[in-house]
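Working through the structure, step by step
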Amino acid sequence: MRLHVALMAITGLLAAAGVASHKDTKFADKELLGKQKFLLEIVYRVEDPLFFEEYIQLGKSFVFNKQDYEFPESLMYNGAHMLEYYQAYQHGVTLPKGEYFGALIESHSKQLYGLLDFFYFAKNWEIFKRNVCWARLHANEGLFVQALTLAVIHRKDMDYLFLPTIYEILPQYFFNRNLIYQAEKFDYDVWSKYNMYEKEYKDFLYKDYSKYFEELDSNYHIKYHNYFYTKDWKLWQWWKLMGLEQQWYAEKHFMLRDNADIFNRDPKFIEMIKDVKKFWMPVDYSRDLGVPNKESALTYFTEDVEWNAYFYYFNLDYAPFLSAEFFGLKEDRRGQYFFYFVRQMIARYYLERLSHGYGEIPELSFFTPTEYGYNPQLVHYNGVGYSYRPNYYDYQTYGNFQSLHKILNFLQRIEDIISRGFYVTAQGQNIDVRTPEAIESLGDMMQGNVDALDQFFFTVWYTQAHRYFAQVHDNMMHVQPHVLLNYETMMRDPLFFQFYKKVSDVFYQFYQYIDTYTHTELLLPGVEIKEVNISKLVTYFDLFDYDVTNLLNDKPIFVNGQFVWDKTLLARQMRLNHKPFDIVLTINSQKEEKVVLRTFIGPKYDEFGRVMSLNENRKNFIEIDELYYELKAGQNIIKRSSKDYYWSNGDRTTYTELYKYVMAAFEGKYEFPLDYYQPHCGFPDRLLLPRGWSQGMPMQFFFMVYPYTASYAPYSSHEYAYVCGISSGVRHLDDVPYGYPLDREINELEFFVPNLYFKDVKIYHEDNFEKYYDHKYEKFGSFDYGYYYNF
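All of the points below concern the structure found in this document.

Here is what the cut-offs are and how they apply
- All chains use their own residue numbering, which begins from 1 and follows the written sequence.
- It should be noted that, the model being predicted, local features are given only for residues of pLDDT at least 70 and side-chain atom pairs only at 80 or more, the latter also being counted only at that level, while totals for whole chains, interfaces and linings use all residues.
- No hydrogens and no water enter the side-chain calculation; it runs on all heavy atoms of the structure.
- In this description a helix means any DSSP run of H or I spanning at least four residues, a strand means any run of E spanning at least two, and both kinds are numbered starting from the N terminus.
- Only protein chains enter the accessibility calculation, which uses a 1.4 Å probe; a residue whose area is less than 20% of its type maximum is buried, one above 50% is exposed, and one in between is partly exposed.
- Any two residues having at least one pair of non-hydrogen atoms within 4.5 Å are treated as being in contact.
- Surface accessibility in these figures is a Shrake-Rupley result with a 1.4 Å probe; residues are shielded only by whichever protein chains are displayed.
- Pairing between strands requires that DSSP locate at least two bridges from one strand to the other.
- Angles run from 0 to 180 degrees between N-to-C directions of axes, and those axes are lines fitted to C-alpha atoms, restricted for helices to the stretch in contact.
- Given a helix with a known number of residues, its expected span is that number minus one, times 1.5 Å.
- Side-chain atoms alone can form a polar contact between residues adjacent in sequence; in general such a contact is a pair of N or O atoms within 3.5 Å, and within protein one must be able to donate a hydrogen while the other accepts it.

1. Focus: the overall build of the protein
Looking only at helices and strands, the protein features 27 helices and 21 strands. Residue burial in the protein is summarised as follows: out of 791 residues, 61% are buried. The long-range share in the protein, meaning contacts at least 24 apart out of those at least 6 apart in sequence, stands at 80%. When the accessible surface of the protein is summed, it comes to about 31,700 Å², and 50% of that surface belongs to carbon and sulfur atoms.

2. Here's the deal with the sheet that holds strand β9 (residues 527-534)
Read from one edge of the open sheet, three strands run β9-β14-β17, paired in antiparallel fashion. If you trace the sheet from one side to the other, it starts and ends with β9 and β17 (634-641), each paired once. When strand polarity is set aside, the average angle formed by the axes of neighbouring strands in this sheet is 20°. The sheet contact formed by strand β14 (residues 582-589) and β17 spans eight bridges and is antiparallel. The residue of β17 that forms the bridge with I587 is N636.

3. Some points on helix α6 (residues 141-154)
For α6, with 14 residues, the first-to-last C-alpha span of 20 Å sits near the 20 Å given by 1.5 Å per residue. When you tally the buried positions in α6, you get 14 out of 14 residues, the bulk of the element. If you check the start of α6, you find a side-chain oxygen 3.0 Å away from the backbone N of G142, and it comes from N140.

4. With respect to the side chain of Q36
Mapping Q36 onto the fold places it in helix α1 (residues 30-42). Residue classification places Q36 among the buried positions, given a relative accessible area of 3%. Filtering out sequence-adjacent residues up to four positions away, Q36 remains in contact with Y160, L161, F162 and V662.

Have a look at this one:
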């Protein structure tokens, strides 16, 4: 079972969204702690000049010497990208600091390759550290962060090291401009004086505030108190229900999150955090300024910071420009995994749409106006706002025709390859694409990675499409910020899902030519799933505090040369969550059997209440768990908690807390467990379920038990509690196709076997602010912590 870790410390208590114990926990030694301290400090307030004098001097000592780097012969690479970047730097033509960095802009991505090489191929930690300090002084901030993140993920000597989550390093890519503007002008001294006078005013204002909002009956008697018409406000405007404003507030309480009580019970944590001044501000998604179209109702999902960070890290784990052979990505079946990942994201988005009654994702047409516009309300750290698209925007009129023709040419070429059943390489070799294994080559083509069969054609189309929608020409250096040009922001735009639905449709077209699974192939003789019981499925919106301390702009404090983390800024935002649920399966087996249990969830009906055929509906199922299990002869009872799922992670430890823990360990006050910070590749477990309906949204679970046939032992080939296992080839339990058995088309006459099971369920949504609508709120003008702890 994969651990969902946020290891609590000193007492040896392991805590996470699901609490688990790990008797073989590893702890960081002094050397590793020093490296971790450096990584946390080097990205602190990354858009500001470097504050740490030690790192400034180290960066200034940089001298380019090719002897400092090791280039494996298998790569057949001599550092050309690195040399090209350094020469551009010497001539002052690299992307300047403060400029917008777009990972899918051609001129920017070339610089990314070069800077990454300075980090990845450095011979040892000392050279790596020096190079990082040099780049922190001179490289563009966005470019620097992405190159450093790639290096930390892919360098084998950094398996136990981590950076803060991307939304903590660059909050500007995740939170609306109101928060950014408020944070940039935050001044503690001014705030403390203002707050003192404001408190006196509010004490007077709120003392008898309710009498102005009393509702009278026909006899002019008070019926009930109602501070204001709360039903006029939307759920996401929770601060208005409590009589608050969107401004900074000081807090003596701890941060809101699922596992807050575990942290608060730890005396060492309380000791470390007690001197940190915490300020929070209510923040919303891009709905603050109205609802431009019906898609805006989904922004709580599409703009969820962890949902977007999940996509960001996938695209860095399997970056298109990384050689699968050299980086070991071939072992992970990168091409096939790309389709599986895109399919999962599209299906999960569809389920959320279905919970609003929206149904199918609109088809993308390059020749008709795009009905739904999008205004991200983001602002880059240089003060430039992100581009927006009005409703019914016509790309054909305003777009780049050259790029459009390249995209259409690619799609037509892919369709021809699939329909013909083979591809002819430049060398005249015929590649058969009518076999299940050909999904790997097709995935490489669709991702546009360097392993595609034709690197001069396929590797262009993917980035070309994004630049077309962002209206950026190929060789531009200075561009307007746009959400579709970076992995961490592109899923905010509903156009993203329309485009990627077109991408996934290519794969489904491929599977039309692949034989369906037969009854014999699906059957596990002697094994039957007899019964499945699932506890009540309930979703709700809770509030969570995101660490946005990197938005501070005051002068940092150093005491005897040591940095003092004395203030934390927190963005308190509403998010979708669900209560933990359990699944209990009863499985009968005639003999001992090593098996894998896969769990999926999907819709029961379409938006019109019609039952969909299983073959059509298979596209809408998402896989939420895999479990290796050794069945015994007879009856087997398997209980699985939603907090233990193989794919998901609970709430992460914040930047502030990580730094405090690392420093305490570095100073010898306790041992720092290596699995204290969750691996970056986990899906947020609170998003496993779509929102659902108050009366219950019909859904269905699908379970499949099949034999474990992998050549490697499950969970043992890499330390899954500490690292993601990129390039290990064993990130997944076995080598069965991703999404099996829903990957291929389904013949319902062959499909149903005793070792699979469908279970109808309902997902209920609870409005956790109902109590404020019809009752007097005694704490009007302040945040009601008691309500959340009692919920």
